[in-house]
Amino acid sequence: MHQLAGVIEGTKLLVVDLNEILTVLLPPLVGAGFALFVWLTTKSLVKAFLACIAAGAIWWGIANMDFLRDEVGEDIDRTGASAAPFSTDWGADS
């Protein structure tokens, strides 16, 4: 029984390490690779700079997923039914 608890705890630690690699280490490396790829293919500093900004925005979004999830959750009101019902009749409204 104690071995199983050790295996479960070890698996939890591996998942935490994998999550940290995917959210902390990988985005800046991929972003730098993206910016380098853009610069090598276009030789344009402006496009490479914009690629850095885009990569930074994606990295910020990954780092702040909880904040973004909570903000979106507050903006969506799922209690109201204000949307029009789906219609399968083609051309009925046009």
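Before going into details, it helps to say that this report is about the structure given with it. Small disclaimer: the values here were computed from a predicted structure and weren't measured.

Further remarks concern the overall build of the protein chain. The number of helices and strands found in the protein chain is three helices and zero strands. Reading the helices (α) and strands (β) of the protein chain from amino to carboxyl end gives α-α-α. Here the protein chain, with 94 residues, has 10% of them falling under the buried criterion. Here the protein chain has roughly 8300 Å² of accessible surface; of this, 69% comes from carbon and sulfur atoms.

Take helix α2 (residues 45-63) next. Spanning 19 residues, α2 covers 26 Å between terminal C-alpha atoms, matching the ideal 27 Å at 1.5 Å per step. Looking only at α2, the buried set comprises Ala48, Ala51, Ala55 and Gly61. Along the axis of α2, the buried positions cluster into a sector of 140°, meaning they face one direction only. Turned more than 90 degrees off the buried face of α2, the exposed positions are Leu45, Val46, Phe49, Leu50 and Ala63.

With that out of the way, let us pick up unusual backbone geometry. Phi is positive for Lys43, close to 55°, though the residue is something other than glycine. Of note, Lys43 is situated in the loop between α1 (2-42) and α2. Here Lys43 falls in the exposed class, since its relative accessible area comes to 55%.

About the criteria used
Residues numbered from 1 in each chain as written. Predicted model: local features only at pLDDT ≥ 70, side-chain atom pairs only at ≥ 80, totals over all residues. Heavy atoms only, no water. Helix = DSSP H or I, 4+ residues; strand = E, 2+ residues; numbered from the N terminus. Buried < 20%, exposed > 50% of the residue type's maximum accessible area, 1.4 Å probe, protein only. Areas by Shrake-Rupley, 256 points an atom, 1.4 Å probe, with all protein chains shown as cover. Expected span 1.5 Å × (residues − 1). Arc of directions from axis to C-beta.

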